[in-house]
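Breakdown of the fold
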Amino acid sequence: MNNTGVSTREVDVVVVGAGQAGLSAAYHLRRTGFEPERDFVVLDHAPRPGGAWQFRWPSLTYGKVHGMHSLPGMDLTDADPDRPSSEVVPEYFAAYERAFDLRVRRPVDVRAVREGAGGRLLVETGAGTWSTRALINATGTWDRPFWPRYPGQETFRGRQLHTAQYPGPEWFAGRRVVVVGGGASGTQHLMEIAGSAAATTWVTRHPPVFREGPFTEEFGRAAVALVEERVRQGLVPRSVVSVTGLPLNDAIRRALADGVLDRLPMFDRITPDGVEWADGRRVDADVILWATGFRAAIDHLAPLRLRERGGGIRVEGTRAVADPRIHLVGYGPSASTVGANRAGRAAVREVRRLLATAPVAV
Ligand SMILES: Cc1cc2nc3c(=O)[nH]c(=O)nc-3n(C[C@H](O)[C@H](O)[C@H](O)COP(=O)(O)OP(=O)(O)OC[C@H]3O[C@@H](n4cnc5c(N)ncnc54)[C@H](O)[C@@H]3O)c2cc1C
């Protein structure tokens, strides 16, 4: 019994998060003979199946996503490209969980992972504690939107929103909007709202890089290798898109030609009425939309002190270098649907090896 009077449940593996990465891990656990509830448990704090996809804005239709890979063992087929991905993907994930009987427990919020007795880890949640020999962390980034800080930010009289709260294009009608950020979200927001907003201004830290030509497998691999190197060094992972650049498709070409994607360098301060540059230029705004990305949602791992000076966790493959019981999937180089699939399989392979060498000692 722990101090809340609820007995601690013992399993071999806890998977935290039931997005693409967590479900891939759960599938491979199941396939290699692990029984849900008896040998492993999947915990997720969202109300429904779907990982972060359930929270994405309605205008992000399935046809607009950049190539969503199916989960292992069951393809997503015949999805209507005009339906919101926030409906299509959760329905598919729900069917997947049923088909493979993964028994995801939700909503269960994992609050802290600590050292337990006998080389075990204690996973503290809003629904009691699990004691486990290994942990596969698949918590994604959606819960940690990144808001940069700029002088004067608190004085702004308009609204500030992050991509995580993007309400869809209609809300911006008649408003003057400054969009911050040079990634896929920023450009998509601009293209959606330009038609109805009173004015849009795009600012990015670095000049955006548009990539001509097809996204070959070789190119993708080289990009992933760059992110992987950062993670190996314990630096905060960058998104894969930040190293691939933005694909120059027809919609982007049109937006460039129409001036929707005329980019300005980052402003220097925020005023009550808008934004200002050091050279005296200013733009009045009703809304600042921060399309500035996300960070890994890994605060619950803090008691294990895995973070390096660079701010990230050093990871080899999927294994935390400082603690082989911890695997991070969907982290850094595997933060894409295809990467998450592969990471789930790789983590399970290593976890099985680890469990075969009992007792676990760190
Ligand atoms: C707007 C947007 C569009 C994208 N489009 C694409 C695309 O087209 N193609 C592509 O390959 N990738 C895309 N990505 C990247 C995409 O997020 C990943 O590919 C993949 O879906 C992430 O899966 P995941 O399992 O790592 O994370 P998530 O889907 O975020 O799942 C993480 C899960 O962990 C749970 N969780 C988090 N913290 C806790 C906790 N403490 N306790 C319990 N549960 C917790 C959450 O509830 C969530 O269900 C996009 C990302 C964004 C932001």
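Rules used in this analysis
- Throughout, a residue's number is its position along its own chain's written sequence, starting from 1.
- Residue-level local features of this predicted model are given only where pLDDT is at least 70; pairs of side-chain atoms are given and counted only at 80 or more, and the full residue set underlies all totals for whole chains, interfaces and linings.
- Numbered from the N terminus, helices here are DSSP runs of H or I no shorter than four residues, and strands are runs of E no shorter than two.
- Based on C-alpha atoms, the radius of gyration is set beside the globule rule, defined as 2.2 Å times the residue count to the power 0.38.
- Partly exposed residues are those whose C-beta has more than 12 but fewer than 20 other C-beta atoms within 10 Å; with 20 or more the residue is buried, with 12 or fewer it is exposed, and the C-beta atoms are placed from the backbone.
- Any two residues are considered in contact once their C-beta atoms, placed from the backbone, lie within 7 Å.
- Contact assignment follows one rule, namely that a residue is near a molecule or strand if its backbone-placed C-beta atom lies within 6 Å of it.
- Here the nonpolar group is Ala, Val, Leu, Ile, Met, Phe, Trp, Tyr, Cys and Pro; Asp, Glu, Lys and Arg are the charged ones; every other residue, Gly included, is treated as polar.
- Note on pairing: two strands pair once DSSP finds at least 2 bridges between them.
- Between N-to-C directions, angles span 0 to 180 degrees; the directions come from axes that are lines fitted to C-alpha atoms, helices contributing only their stretch in contact.
- Per the annotation, domain bounds derive from an automatic or database assignment of domains.
- For a helix, the expected span equals 1.5 Å multiplied by the residue count minus one.
- Crossing handedness: left-handed means the near helix sits turned counterclockwise from the far one by under a right angle, and right-handed means the same turn made clockwise.

Within an unreviewed UniProt entry, the label attached to the protein reads NAD(P)-binding protein, and the organism entered is Streptomyces triticiradicis.

For the rest of this paragraph, the subject is the overall build of the protein. Within the protein, the secondary structure is distributed over seven helices and 18 strands. In summary, the protein has a C-alpha radius of gyration of 22 Å against a globular reference of 21 Å for 362 residues, a match within 12%. Overall, the protein is about 65 × 45 × 40 Å in size when its C-alpha atoms are taken along their principal axes. Expressed as a percentage of the 362 residues in the protein, the buried residues total 38%. For the protein, the proportion of contacts with a sequence separation of at least 24, taken over those separated by at least 6, is 71%.

The next subject is the site of the ligand. Around the ligand, a shell composed of 33 residues is seen, among which Gly17, Gly19, Gly51, Gly140 and Gly330 lie nearest. Looking at the shell around the ligand, the elements with two or more residues in it are helix H1 (20-31) and helix H7 (337-356). Considering every element that reaches the shell around the ligand, the biggest residue donor is H1, with three residues. Per-class residue counts for the shell around the ligand are 14 nonpolar, 15 polar and four charged.

Let us now look at the sheet that holds strand S8 (residues 199-204). Overall, parallel pairing links the five strands, which are arranged S6-S15-S7-S8-S11 in an open sheet. What marks the edges here is a single partner per strand, and that holds for strand S6 (159-162) and strand S11 (263-265). Taken over all neighbouring pairs, the strand axes of this sheet differ in orientation by 25 degrees on average, direction set aside. Two elements, strand S7 (residues 176-180) and S8, share five bridges in a ladder whose sense is parallel. When the sheet's bridge partners are listed, valine 177 is paired in S8 with threonine 200. The strands touched by helix H3 (residues 184-193) are S7, S8 and strand S15 (287-290); relative to S7, the strand with the most contacts, the crossing angle is about 160 degrees.

Split into domains, the protein comes out as domain 1 (9-143 + 295-355) and domain 2 (153-209 + 245-290). Relative to domain 2, the C-alpha centre of domain 1 lies at a distance of 33 Å. Taken together, the contacts link five residues of domain 1 with seven residues of domain 2. Looking at the side of domain 1 that touches domain 2 residue by residue, the classes come out as three nonpolar, two polar and no charged.

Below, the discussion takes up the sheet that holds strand S14 (residues 282-284). Taking strand neighbours across the sheet as the criterion, the three strands line up as S12-S13-S14 in an open arrangement whose pairing is antiparallel. Single-partner strands in this sheet number two, and they are strand S12 (269-271) and S14. In this sheet, neighbouring strand axes are inclined to one another by 20 degrees on average, regardless of whether the strands run parallel or antiparallel.

Residues spaced three or four apart along an α-helix point in a common direction, a consequence of the helix completing one turn every 3.6 residues. An ideal rise of 1.5 Å per residue puts 16 Å on twelve residues; H1 measures up with 16 Å between its terminal C-alpha atoms. Summarising burial for H1: ten of the twelve residues are buried, a large majority. Along H1, the positions that sit buried rather than exposed are Gln20, Ala21, Gly22, Leu23, Ser24, Ala25, Ala26, Tyr27, His28 and Leu29. Buried residues along H1 sit against strand S1 (9-16), strand S2 (40-43), helix H2 (85-99), strand S5 (128-137) and H7.

Attention now goes to unusual backbone geometry. Here arginine 106 and proline 107 are connected by a cis peptide whose omega angle stands at -5 degrees. By secondary structure assignment, the location of proline 107 is in the loop between H2 and strand S3 (110-115). Even without being a glycine, aspartate 101 presents a positive backbone phi close to 50 degrees. When you line up the elements, aspartate 101 lands in the loop between H2 and S3. Unlike most non-glycine residues, arginine 305 shows phi in positive territory, near 50 degrees. Along the chain, the position of arginine 305 falls in the loop between S15 and strand S16 (315-316).

Positionally, alanine 99 belongs in helix H2. C-alpha separation for the pair alanine 99 and methionine 74, spaced 25 residues apart in sequence, amounts to 8.7 Å.

Turning our eyes to something else, we now look at the packing of H1 against H7. Each pair of packed helices can be summarised by the angle the axes make with each other and by the distance between the axes. At a closest axis distance of 8 Å, the pairing of H1 and H7 adopts a crossing angle of 35 degrees. The crossing of H1 and H7 is right-handed. For the pair H1 and H7, the contacting residues are Gln20, Ala21, Ser24, Ala25, Tyr27, His28 and Leu29 in the first and Thr337, Ala340, Asn341, Ala343, Gly344, Arg345, Ala347 and Val348 in the second. Each residue belonging to the contact of H1 with H7 can be placed in one class, and the counts come to eight nonpolar, six polar and one charged.

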